[in-house]
Amino acid sequence: MEPITQMLDNVFSPLTLAMVLMVLGDIVVEHSGVLNIGIDGVVALSVALSFALSLTTNDPVLVFALVVLAAIAVALVVSLIVNVFVASHVLTGLAVGFACYGLGSIAALPHLGRSAGVHPTLHWYWVLGVSVVLALAVWYMLYYTKLGIAIRASGNNPYAAEALGIHVWRIRTLALVAGYSLIALGGAIYELGYIGIWSQGLGVGRGWLALSLAIASMWHPLAALGITAVYSYVETSMWALQLAAGIPAAVINAMPFLTALGIVVAVHATPVKKRVSPPRALGAEYFREERTA
Amino acid sequence: MLRVVLVRRELGRRTYAVLMGSSAVLSILVSIVVVALASSMPPQTLLFKVGESYANLNTLRYFSTLTIIGLGLTVAYSAKLWNIGAEGQLVVGAIGATAVALFTPLGHIPVLGIVVGLILASLLGLLWGLAAILLKLKLGLNEVLVTLLLNYIAYYTADYLVYGPWRGIYVHGYPETDLIPQESWLLRVYGYSFSYPVLLTALILVVLVYMVMKFTRLGIAIRAYGSNPRAVELSGISSFRTAVAAFVISAALAGLAGGFELFAVHRKLVPGYKIGAGLGYISIIVAWLSGLNPLLVPLSAYYVSGLMVFRYVLQIGTVNIGDAFAQFFIGIALLSTLATSSLARYKIKVVRS
């Protein structure tokens with residue numbers, strides 16, 4: 001029994017769960033039409049914050065709760081600037097991202113060189129179970145509930161959605177809060193369950209990776225589950241692959257980005273586009289008072 | 001019932017400039033207060049250090065690079081085309097420059113080698129951008145996402161080269177190429193990290209981009225494309241070509257900056273994230289802080305460069321917290337600019353409904 005459990009622990013490592021959480025969070029946010037450029041900052045912030053908090057409080061629940069609260073605060077800032085000030089999603093995301101990188105490092109730097117104080121042990125059945133249940137829940141929510149349809153309507157055509165009585169800014173705020181909570185949980189699990197130590201810049205780039213995996217799955221939660229699980233397994237066995245097959249690390253690192261690009265191009269170049277397409281108003285500035293114009 | 005609504009408005013140029021200027025100064029002051037609270041350094045020391053950073057000539061090293069890339073980006077953004085791939089375009093530019101300096105005989109010929117290297121750097125940057133804009137115009141892909149993905153593909157291309165075929169013989173196993181021949185070095189000013197040719201190019205480009213955007217048919221078409229692509233088409237100019245031109249200008253300038261980074265700063269190819277070093281992303285902020293006005297790009301580049309130098313000044317004990325605070329500063333500066341420019345564009349009104 002022992003070798004099998006070990007193999008399963010390898011295939012469904014905490015990294016898988018962390019990445020699934022981040023990708024699902026990104027999918028929820030982007031289905032509402034908010035282009036999630038802030039994701040990288042939120043991931044870096046939650047990684048650094050969970051590390052710092054794990055050393056100041058020893059209560060795992062408190063650590064996760066505080067990290068999620070911080071992410072919700074960031075979500076509300078993004079929502080304020082994107083929805084109320086009608087600013088560009090890209091610039092808002094970049095600005096919030098930079099501020100988050102900084103804040104995260106400021107919180108974690110005093111503890112530099114120590115290892116995290118909380119180590120949740122995540123067996124393969126936890127990883128597999130939670131990932132599958134969450135992906136199914138997000139999928140069901142987005143496609144079969146009133147809330148999900150409102151989220152997708154806001155992302156496809158906010159003007160039409162508003163005309164149907166959906167409060168677009170409320171829906172987008174809700175999606176941001178829910179999505180950023182998932183992303184923050186992912187960041188915390190990445191740090192506490194997988195990495196365990198912290199150095200400056202840790203987690204930077206993780207968010208973009210999650211974004212590219214969301215693109216590669218064309219923003220579909222179930223496709224995301226599969227693609228993310230495969231990618232995470234490849235990443236955890238990167239060194240083995242390098243030894244066994246001589247594949248350079250750079251090639252493996254570039255794979256999710258190349259795959260994402262390949263899949264979006266393929267989808268857009270073929271009639272598949274009619275069936276699966278990215279949220280049509282993704283990243284478009286929505287000025288409510290002009291909805292009749 | 002009372003309702004809060006936003007109404008569009010146009011502010012006078014002078015009011016707008018005053019508003020944006022005070023927002024920039026205010027965000028520095030706010031950041032100083034935050035740093036003072038978090039680090040228990042007295043605010044007046046911090047203020048002095050910020051002033052010192054702005055007076056330090058090393059700002060010119062960042063100033064040159066950020067001005068070149070930022071200028072290009074104002075062109076693309078004027079056409080409302082979101083090139084956020086300057087980081088990747090810079091990296092492929094640096095790869096091109098390395099190829100010329102290290103693997104062709106031109107590397108040993110002064111001036112000519114550098115010129116050819118810079119041309120190849122711009123060309124590679126241009127192609128990296130061309131791919132993104134063609135995918136947008138032909139297939140309808142979102143250029144933000146494509147350029148973002150291309151950034152990482154560029155990073156890992158550089159990584160592949162320095163960990164693999166291009167790894168130097170004299171580098172003791174470090175992932176980098178050998179130094180390029182001295183004939184291909186752009187000399188830095190003694191004791192400082194900036195170089196006159198780069199600075200001069202940046203300043204010439206400011207005037208050039210301004211002239212092109214203001215007085216040429218192409219520049220006017222690019223600005224018109226930003227407000228209405230169909231109007232460009234109706235006036236007899238190809239909107240397709242206008243969009244491609246705007247995008248590749250920005251990409252080529254980022255590539256050029258990559259070439260300069262290599263010849264003047266690194267002088268060898270290093271892993272992607274070290275060459276890019278986020279300069280491509282920071283340039284996006286530079287472009288927007290200038291309000292997309294080429295003549296104001298140097299001002300916003302200087303504003304950001306001061307913070308980049310400030311990073312090195314801020315050290316507590318053995319821990320360098322400068323990077324963290326600089327990132328926080330830059331984020332706050334852009335956020336307050338965004339909020340201020342919204343307040344300038346929209347009037348907040350309370351109406352009865």
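Residues numbered from 1 in each chain as written. Chains lettered and ligands numbered in written order. Predicted model: local features only at pLDDT ≥ 70, side-chain atom pairs only at ≥ 80, totals over all residues. Heavy atoms only, no water.

Q: Lay out the packing of aromatic side chains with the relevant residues and their values.
A: For the structure on display, the rule yields 22 aromatic pairs over all chains. With 4.6 Å between their ring centres and 10° between their planes, A:Phe257 and B:Tyr152 make a pair best called stacked. Note that A:Phe257 is positioned in helix H13 (residues 249-269) and B:Tyr152 in helix H6 (residues 143-163), a pairing that runs across two chains. Each member of the pair, A:Phe257 as well as B:Tyr152, is classed as buried. (Phe/Tyr/Trp six-rings, centres within 6.5 Å; stacked < 30°, edge-to-face > 60°. Helix = DSSP H or I, 4+ residues; strand = E, 2+ residues; numbered from the N terminus. Buried < 20%, exposed > 50% of the residue type's maximum accessible area, 1.4 Å probe, protein only.)

Q: Which residues make up the packing of helix H2 (residues 14-31) of chain A against helix H6 (residues 124-144) of chain A, and what values go with them?
A: Between two packed helices, what matters for the description is the angle formed by their axes and the separation of those axes. Residues and elements named next belong to chain A. Across the interface, H2 lies against H6 with an axial gap of 9 Å and an inter-helix angle of 10°. Judged by the angle between their axes, H2 and H6 are roughly parallel. Residue-level contacts link Pro14, Thr16, Leu17, Val20, Leu21, Leu24, Ile27, Val28 and His31 of H2 to Val127, Val130, Ser131, Leu134, Ala135, Val138, Leu142 and Tyr143 of H6. Its residues assigned to classes, the contact of H2 with H6 comprises 14 nonpolar, three polar and no charged. (Axes fitted to C-alpha atoms, helices over the stretch in contact; angles between N-to-C directions. Parallel < 35°, antiparallel > 145°, perpendicular 65-115°, else oblique. Contact = heavy atoms within 4.5 Å. Nonpolar A, V, L, I, M, F, W, Y, C, P; charged D, E, K, R; others polar.)

Q: Before we move on, could you go through the interface of chain A and chain B and cite the residues and values that matter?
A: Taken together, the contact between chain A and chain B spans 49 residues of the former and 46 residues of the latter. Buried surface at the junction of chain A and chain B, summed over both partners, amounts to about 4,000 Å²; 81% is from carbon and sulfur atoms. Among the residues of chain A in contact with chain B, A:Phe85, A:Leu91 and A:Phe98 are the three that bury the most area, contributing 16% of the side total. Counting the contacts that link chain A with chain B gives zero salt bridges. Joining chain A to chain B, the criterion identifies one residue pair in polar contact (both at pLDDT 80 or more). Elements that contribute at least two residues to the side of chain A that touches chain B include exactly helix H4 (60-84), helix H5 (89-108), helix H10 (206-216) and H13 of chain A. Residue contributions to the side of chain A that touches chain B peak at 13 residues, all from H5(A). Taken together, the residues that form the side of chain A that touches chain B break down as 35 nonpolar, nine polar and five charged. (Buried area = accessible area lost by both parts, 1.4 Å probe. Salt bridge = Lys/Arg side-chain N within 4 Å of Asp/Glu carboxyl O. Polar contact = N/O pair within 3.5 Å; in protein donor to acceptor, adjacent residues only side chain to side chain.)

Q: An account of H5(A) is needed here, citing residue identities and associated values.
A: Residues and elements named next belong to chain A. With 20 residues, H5 ought to run about 28 Å at 1.5 Å a step, and its terminal C-alpha atoms sit 28 Å apart, in line with that. Taken across its 20 residues, H5 has 18 buried, putting it largely inside the fold. Residue Ser88 occupies the N-cap position of H5, its side-chain oxygen lying 3.2 Å from the main-chain nitrogen of Val90. (Expected span 1.5 Å × (residues − 1).)

Q: I'd love a proper account of unusual backbone geometry, names of residues and values included.
A: Residues and elements named next belong to chain B. At Arg267, a residue that is not glycine, the phi angle is positive and equals roughly 65°. In this structure, Arg267 sits in the loop between helix H10 (239-266) and helix H11 (272-276). Backbone geometry at Ala277 places phi at a positive 50°, although glycine is not the residue there. Considering the arrangement of structural elements, one finds Ala277 in the loop between H11 and helix H12 (279-289). Under the relative-accessibility criterion, Ala277 is labelled partly exposed at 46%.

Q: Could you give an account of the environment of B:Ser31, naming the residues involved and the relevant values?
A: Residue and element names in this part refer to chain B. Inspection of the secondary structure puts Ser31 in helix H1 (residues 13-39). Residue classification places Ser31 among the buried positions, given a relative accessible area of 1%. In this structure, the C-alpha to C-alpha distance between Ser31 and Leu102, residues 71 residues apart in sequence, is 44 Å. Not counting residues up to four positions away in its chain, the partners in contact with Ser31 are Phe329 and Ile332.

Q: Describe the confidence of the model for chain A, naming the residues involved and giving the relevant values.
A: Of all residues in chain A, 98% attain a pLDDT of 70 or more, and the chain-wide mean is 89. Ranking the helices and strands of chain A by mean pLDDT puts H2(A) first, with 95, and helix H12 (residues 238-245) of chain A last, with 74. (pLDDT = per-residue confidence, 0-100.)

Q: Now, about the pattern of salt bridges: what can you tell me, with residues and values included?
A: Counted according to the given criterion, the structure contains four salt bridges over all chains. In this structure, A:Glu235 engages A:Arg206 in a salt bridge whose closest nitrogen and oxygen atoms are separated by 2.7 Å. Linking A:Glu235 in helix H11 (residues 221-236) with A:Arg206 in helix H10, this pair joins segments that are 29 residues apart in sequence. Taking relative accessible area as the criterion, A:Glu235 reaches 12% and is therefore assigned buried. Close ionic contact of B:Glu143 with B:Lys136 constitutes a salt bridge, the shortest N to O distance being 3.0 Å. Exposure remark for B:Glu143: the relative accessible area of 4% places this residue in the buried category.

Q: Summarise empty space enclosed by the protein; cite the residues concerned and give the values.
A: All names here are of chain B. Summed over all chains, the structure comprises one cavity of 30 Å³ or more. One number sums up the size of the largest cavity: a volume of about 80 Å³. Considering the residues around the largest cavity, the lining is formed by Arg61, Ser64, Thr65, Arg188, Ser193, Phe194, Ser195, Val198, Phe260, Glu261, Ala264 and Val265. Those elements that provide at least two residues to the lining of the largest cavity are helix H3 (59-78) and H10. Here the lining of the largest cavity is composed, by residue class, of five nonpolar, four polar and three charged. (1 Å grid on protein atoms, 1.4 Å probe; cavity = no way out; pocket = protein on both sides within 12 Å on 5 of 7 lines; lining within 4 Å. Points joined across faces, edges and corners; volume = space filled by probe spheres on them.)

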